[in-house]
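Now for the letters of each chain:
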Amino acid sequence: MKSLKITSLLSLLFIFASCSDDDDVKLINEEEVITTLTVTLVDNATNQTKTFQSRDLDGDGPESPVITADNLEANTTYQGSILFLNELEDPAENITLEVVEEGAEHQVFFVSATSLQTTFTYEDADANNNPIGVDFTLTTGEASSGNLSIILVHDGDKFAEGAAAGDSTNVGGETDIEATFPITIQ
Amino acid sequence: MRFFVWVSFLWLTTFTLQAQDCTFQLSGKVIDIHDSSALPYAIIKIEGSTKYAEADAKGNYIFKNLCAGNYTFEISHVSCEKRSVKFELTSDKVFNFKLEHHIDELNEVLLTGKLYQNKILSNSIQELNQKQISNLSNLSFGEALAQINGVSTLSTGTSISKPIIQGMHSSRVLIINNNVRMQDQQWGVDHAPNLDINSAANIQVIKGSAALQYGGDAVGGVIVSTPQKAPLTDTIFGSTIANINSNGRGGNLSTSLLKSTKKGWYFKTQASLKRHGDLEAPDYVLSNTGVQENNISFGFGLNKIDSGFNAYYSLFSTEIGILRASHIGNLRDLENSINSLVPSFIDGFNYQINSPKQQVNHHLVKLDYFKKIKNLGKLKAQYAFQFNRRKEFDVRRGERSEKAALDLELTTHQVLTQLEVRQFDRLALDIGVETSFQNNYANPETGVRRLIPDYDMFTLGSFVTSTYNLNKLITIDAGMRYDFTHIDALKFYRVSRWEERGYAIDFADIILEDFGTQLLTNPVFNFHNFSSSLGALFKLGEETEIRSNFSLATRNPNPSELFSDGLHHSIANIELGDLRLKQEQSYKVNLSLSQAFKNLKFEINPYFNAIDNFMVLEPSGIETTIRGAFPVFEYRQTQAQLWGIDAEASYQFNKQTSLQGQIAYIYAEDVSLNQPIINMPPLNTRLELVHNQPNWNNLSLSVSHEFFAKQERFPDLDFSTLILNTETGELEPTLINISESPAAFQLFHVTAEMPFKFNQTDLRVRLQVQNIFNTSYRNYLNRQRYYADEMGRNIQLQIQFNY
């Protein structure tokens, strides 16, 4: 009889516990995702602006990023800047600010196909005086075409050999962004 | 007339006297009701007479010159409850008396391990006893179990290990802690069991699903961990074990204390602490592989012969660093890691545990009560509460590394009522009903989409298991179980994923709300499962035993298989669950032959497991995100067949020296696609030579050798995709070699151990060198084999006090 009592008591406890659950479930908008990479290039001489963009509004969902790139002028020097956005937030969150704030852990690398006549120079620096790459200069050579890849590396070794000159070979770390743009210089 | 009566009377008397020839013989054994083992020196008295027999050391008894008639026998044994048995004797008879062995001989029982019995006799069972557990006290639960033949570990790095039983792991292996089925998010391959090895006094591995009282879904097997039981005497005892390790520069400390009284009251407590910093491979530091663990448990209760209760609480709390180099961004990073021989991130030795890391707390509260019911058996009721909080931290931007990327709270209530019918001489019958309620809550504060959604789960199961002693030679066990499971989940899907999965067509009616880019859905599942088991134990003489078992297990898809939907940084893949998955069903035949010759003992355990609707995770394509390209892994259901054999033998050269060997092999085939199944343990062997030197204060020395062959049977899941070559700037088609297994390896270990006896205490000192030759190797069953070598040499000093 005693065991029956205990069993019923336990069952009661169990039922209480089962009912105390709330059914509200909150939508999560991902905080950390970078959905959009926008490169703005300004030709100081003519004030002309060119843009490259990679935009992936479903994050790690099945859709591929949408890639757009303007054609560049030959033998021109562009002031470049990069904007990282999380457009899942409303209004869109500017992630560039975070990247710059944690500049010592981040670096943007520009990888051009050998066929593409471009030269990049970093124009910014982190607390250790290593480049970040959010601000840069892009100088084009003769008319040519090829892929340009922009990589944002997180937590790599920014003191590694060649890193400050823009060579990612020895940097390691993990890739936060990798976008490849087909570029034509005309 | 009177004369006639007298004559008849005389005649009758003569007849009776003639019939009472009194030449019958009654013989047999006195055995333990639980496991049919012999009970030596039991006394069997014939009620109403002075006749009695005493069983010998092997439990054998004999009565000679008995007359025909009805007899009542009273059987008694020092450590058992008295029992009487009635039957009629009409001829010579062989009969086994059964007694229920009680736990008032703790010391003896601890030595023999007999305290922790198992009811399934037909399934191959192996165990770790208290001595072995003490030796392994420094290891995690999963690593320690790998000592058992046929058990391997699936690991994620150096500190997360899950047991694999005969090729199966995670949701296919049930872990029972103190008679409670662990609900610790066991579905995840990188979720180690939340159980402290030091909290166990005995661990059994049942290599099959025959133990239906624990669940019907043990496709691989069941691991039963039992804490220290209290003796029925006035005593207090305890033990403390300290381990110091050179590799990781840390160690652990575990201590336990138990006080009990003759009246049946007891109180026990146990606690352990573990700390180590970065582990070291032979050539480099494995950065961020430190571990912290704090565990405590206590219990009290009253155990009388006819009733009793127990209360138990345990907390398992751990923080585990994950190899920094294993957190990668995209396929190019993965390809770099595979091709580079060293991890992409190596730092100096450090005790700090940074992201990526896991923090897990597991609470278990258990209350149980039992009462013996005359002429029926034992009624048991048990309530268990488990709360599992798992936080996983990723390398994140903007100070978010401090914020968990995954934060799950899993709460489970279980009620089990069981009736153990023991009134029949030959038949032991268990009937039980188990019900549970589970809630999973995924904390939205993470700012990362939920990997596992919020859900409620209700289960109701009932089972009947039985053991029947057919005769001296054969014991049969059989069981059946039915389980009902109801799952009610609230899951957000990205609209793009919802459509890509084809759910828009199949599951349109489960959408609750449309948030634009995401949909809130309400998947509901009801599963009805049957499982069963039939087997027999043949005792062909004292030294030969054959066990054979056939069992059917049915397993529901787990939350990860149903709902997974997102990126895993640890292996750079996108993992997708499937709402359409069905239950998988396993048909397993398990045979075991154990035989002892003079100095040679061996056991051979072949098995065959055929699994319908086997759920397997496989790459199905590539998806590109702004981070770059990732392989997509999807669940597929197929027909699987596993053939395997576990064998072990030991040979005693003389009183001082013995040799033990183990070998395990498994052949696993996806019969639908005619290809091997992924992540199966390769052929492995273990050999240990032990030498004891009594005149050197009982110094014991051992040398052991472990060999793991290269797993030649793996499915070719390599795929080719465009990867950026950072030298040329071109996207080049590249083959990603994720399938290839690492090379074979062998390891040598040496151990020296010496006991010291004092008045009240025992001291044991043990020095071990693991991986003496500091061999560099990688293990196929480590999910981080792409990134780094396994741990190098370790020197361990263990000191144990028993008091």
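Predicted, not measured: the structure shown is a model, and the values here were computed from it.

With that settled, the discussion passes to the overall build of chain B. Secondary structure summary: chain B contains eight helices and 46 strands in total. The C-alpha atoms of chain B give 30 Å as radius of gyration, which agrees with the globular expectation for 803 residues (28 Å, within 12%). A principal-axis box enclosing the C-alpha atoms of chain B has dimensions of 125 × 70 × 50 Å. Counting all 803 residues of chain B, 59% fall into the buried class. A sequence separation of at least 24 residues applies to 66% of the contacts in chain B between residues at least 6 apart. On chain B, roughly 33,000 Å² of surface is accessible, and the fraction owed to carbon and sulfur atoms is 57%. Counting 74 positive and 83 negative side-chain charges, chain B places the averaged centre of each group 8 Å from the other.

Right, let's talk about the overall build of chain A for a bit. Scanning chain A for helices and strands turns up two helices and 10 strands. Counted from the first residue to the last, chain A has its helices and strands arranged as α-β-β-β-β-β-α-β-β-β-β-β. Intrachain contacts of chain A at a sequence separation of at least 6 include 66% that bridge at least 24 residues.

Moving on to the packing of aromatic side chains. Centre-to-centre distance and the angle between the planes together describe a pair of aromatic rings. Residue and element names in this part refer to chain B. Within this structure, the stated rule accounts for 32 aromatic pairs over all chains. For the pair Phe73 and Phe87, a centre-to-centre distance of 5.1 Å together with 35° between the ring planes defines the contact as tilted. A residue pair is termed long-range when its members are at least 10 positions apart, and Phe73 in strand 5 (residues 69-76) and Phe87 in strand 6 (residues 83-89) qualify at 14 residues. Phe73 gets classed as buried once you look at its relative accessible area, which sits at 0%. Note on Phe748 and Phe773: the rings are 5.5 Å apart at their centroids and 80° apart in plane angle, and the pair reads as edge-to-face. Note that Phe748 is positioned in strand 44 (residues 745-757) and Phe773 in the loop between strand 45 (762-770) and strand 46 (794-802), a separation of 25 residues in sequence.

Next up on the list: the side chain of Asp646 of chain B. All names here are of chain B. Mapped onto the secondary structure, Asp646 falls in strand 37 (residues 628-652). Of the polar contacts made by the side chain of Asp646, one reaches the side chain of Lys207; its length is 3.0 Å. Dropping the residues within four chain positions of it, Asp646 is found in contact with Asn149, Gly150, Gln166, Lys207, Glu603, Ile604, Asn605, Tyr607, Ile663 and Ala664.

Turning to the environment of Asn674 of chain B, a few remarks are in order. All names here are of chain B. Among the secondary structure elements, Asn674 is positioned in the loop between strand 38 (657-670) and strand 39 (675-676). A relative accessible area of 60% means that Asn674 is categorised as exposed. Along the primary structure Asn674 and Gln639 are separated by 35 residues, whereas in three dimensions their C-alpha atoms are 9.8 Å apart.

On to the state of the cysteines, then. All names here are of chain B. If you walk through the whole model with that rule in mind, you get one disulfide over all chains. Linked covalently through their sulfurs, Cys22 and Cys67 form a disulfide whose S-S length is 1.8 Å. Measuring the twist about the S-S bond at about 95°, one finds the Cys22-Cys67 disulfide to be right-handed. Separated by 45 residues along the polypeptide, Cys22 in the loop between helix 1 (2-19) and strand 1 (24-32) and Cys67 in the loop between strand 4 (60-66) and strand 5 bring together distant segments of the chain. Residue class for Cys22 comes out partly exposed when judged on its relative accessible area of 23%.

With that out of the way, let us pick up the interface of chain B and chain A. Opposite the 64 residues of chain B that make contact, chain A presents 59 residues. For the pair chain B and chain A, the number of links is six salt bridges. Ionic pairing is found between Arg627 of chain B and Asp176 of chain A, a salt bridge with its closest N-O pair at 3.6 Å. Our enumeration of links across chain B and chain A arrives at 18 residue pairs in polar contact (both at pLDDT 80 or more). Here the side of chain B that touches chain A is composed, by residue class, of 21 nonpolar, 23 polar and 20 charged.

Before going further, it helps to spend a moment on a nonpolar patch on the surface. Taken together, the side chains of Ile236, Leu257, Phe801 and Tyr803 of chain B define a hydrophobic patch exposed on the protein surface, amounting to about 370 Å² of accessible area. Looking at the element boundaries, Phe801 of chain B is found in strand 46.

Time to look at the sheet that holds strand 3 (residues 52-54) of chain B. Within a sheet, neighbouring strands are paired by backbone hydrogen bonds and run either parallel or antiparallel to one another. All names here are of chain B. Judged by pairing direction, the sheet is antiparallel, and its four strands sit side by side in the order 3-2-5-6 without closing on themselves. Both edges of this open sheet fall to strand 3 and strand 6, since each of them pairs with a single strand only. The average undirected angle you get between the axes of adjacent strands in this sheet is 20°.

In terms of nonpolar packing, the biggest core is built from 36 residues, with Leu37, Ile82, Phe84 and Ile150 of chain A touching the most fellow members. Taken together, the elements giving at least two residues each to this core come down to strand 1 (36-43), strand 4 (77-86), strand 6 (106-112), strand 8 (135-140), strand 9 (144-154) and strand 10 (174-185) of chain A. Beyond its immediate chain neighbours, meaning those up to four positions away, Ile82 of chain A contacts Leu37, Thr38, Val39, Thr96, Val108, Phe110, Gly133, Val134, Phe136 and Ile150 of chain A. Counting 25 residues, the second largest nonpolar core, distinct from the first, contains Tyr284, Leu286, Leu567 and Ala629 of chain B.

Turning our attention to the side chain of Glu706 of chain B. All names here are of chain B. With respect to the helices, strands and loops of the structure, Glu706 is situated in strand 41 (residues 699-708). Within the structure, Glu706 has its side chain in polar contact with the side chain of Arg686 (distance 3.4 Å). Looking at Glu706, its side chain comes within polar contact range of the side chain of His749, at 2.7 Å. Excluding its chain neighbours within four sequence positions, the residues that come into contact with Glu706 are Thr685, Arg686, Phe745, Gln746, Leu747 and His749.

This structure, assessed with the given rule, holds 47 salt bridges over all chains. Residues Glu87 of chain A and Arg55 of chain A are paired through a salt bridge, measuring 2.8 Å at the closest nitrogen-oxygen approach. On the criterion of sequence distance, the pair formed by Glu87 of chain A in the loop between strand 4 and strand 5 (93-94) and Arg55 of chain A in strand 2 (residues 48-55) is long-range, its members being 32 residues apart. Here the salt bridges do not stand alone but share partners, grouping Arg449, Lys491, Arg497, Glu500, Arg501, Asp565, Glu623 and Glu634 of chain B into one network.

This next bit is on the sheet that holds strand 10 of chain A. All names here are of chain A. Here we have three strands laid out as an open sheet, ordered 6-9-10, and antiparallel in their pairing. Each end of this open sheet is capped by a strand with a single partner; those strands are strand 6 and strand 10. Looking at each pair of strands side by side, their axes are set apart by 15° on average, direction ignored. The sheet contact formed by strand 6 and strand 9 spans seven bridges and is antiparallel. Residue Ser112 lies in a different strand from strand 9, and its bridge partner there is Leu148.

Okay, the confidence of the model for chain A next. Low-pLDDT stretches of the model should not have their predicted coordinates read in fine detail. With 88% of its residues at a pLDDT of at least 70, chain A reaches an overall mean of 86. With pLDDT under 50 throughout, residues 15-22 of chain A is counted as low confidence; its partners more than four residues away or in other chains account for five contacts.

All names here are of chain B. In this fold, Glu293 is placed in strand 21 (residues 291-303). The buried category is assigned to Glu293, whose relative accessible area is 11%. Taking the C-alpha atoms as reference points, Glu293 and Ile476, 183 residues apart in sequence, are found 43 Å from one another. Setting aside chain neighbours within four positions, we find Glu293 in contact with Asp196, Ser272, Leu273, Lys274, Arg275, Phe316, Ser317 and Thr318. Among the polar contacts listed, one links the side chain of Glu293 to the side chain of Asn295, at a separation of 3.0 Å.

Another aspect to go through is unusual backbone geometry. Residue and element names in this part refer to chain A. Residue Pro91 is reached from Asp90 by a cis peptide bond, and omega for that bond is 0°. Looking at the secondary structure, you find Pro91 in the loop between strand 4 and strand 5. For Asn47, which is not glycine, the phi dihedral falls at a positive 65°.

About the criteria used
Residues numbered from 1 in each chain as written. Chains lettered and ligands numbered in written order. Predicted model: local features only at pLDDT ≥ 70, side-chain atom pairs only at ≥ 80, totals over all residues. Heavy atoms only, no water. Helix = DSSP H or I, 4+ residues; strand = E, 2+ residues; numbered from the N terminus. Rg over C-alpha atoms; globule rule 2.2 N^0.38 Å. Buried < 20%, exposed > 50% of the residue type's maximum accessible area, 1.4 Å probe, protein only. Contact = heavy atoms within 4.5 Å. Areas by Shrake-Rupley, 256 points an atom, 1.4 Å probe, with all protein chains shown as cover. Lys, Arg positive; Asp, Glu negative; His and termini not counted. Charge placed at Lys NZ, Arg CZ, Asp CG, Glu CD. Phe/Tyr/Trp six-rings, centres within 6.5 Å; stacked < 30°, edge-to-face > 60°. Polar contact = N/O pair within 3.5 Å; in protein donor to acceptor, adjacent residues only side chain to side chain. Disulfide = S-S within 2.5 Å. Salt bridge = Lys/Arg side-chain N within 4 Å of Asp/Glu carboxyl O. Nonpolar A, V, L, I, M, F, W, Y, C, P; charged D, E, K, R; others polar. Patch = residues over 30% accessible without salt bridge, like charges linked within 9 Å, V, L, I, M, F, W, Y side chains within 5 Å. Pairing = 2+ DSSP bridges. Axes fitted to C-alpha atoms, helices over the stretch in contact; angles between N-to-C directions. Core = buried A, V, L, I, M, F, W, Y, C linked by side-chain atoms within 4.5 Å. pLDDT = per-residue confidence, 0-100.

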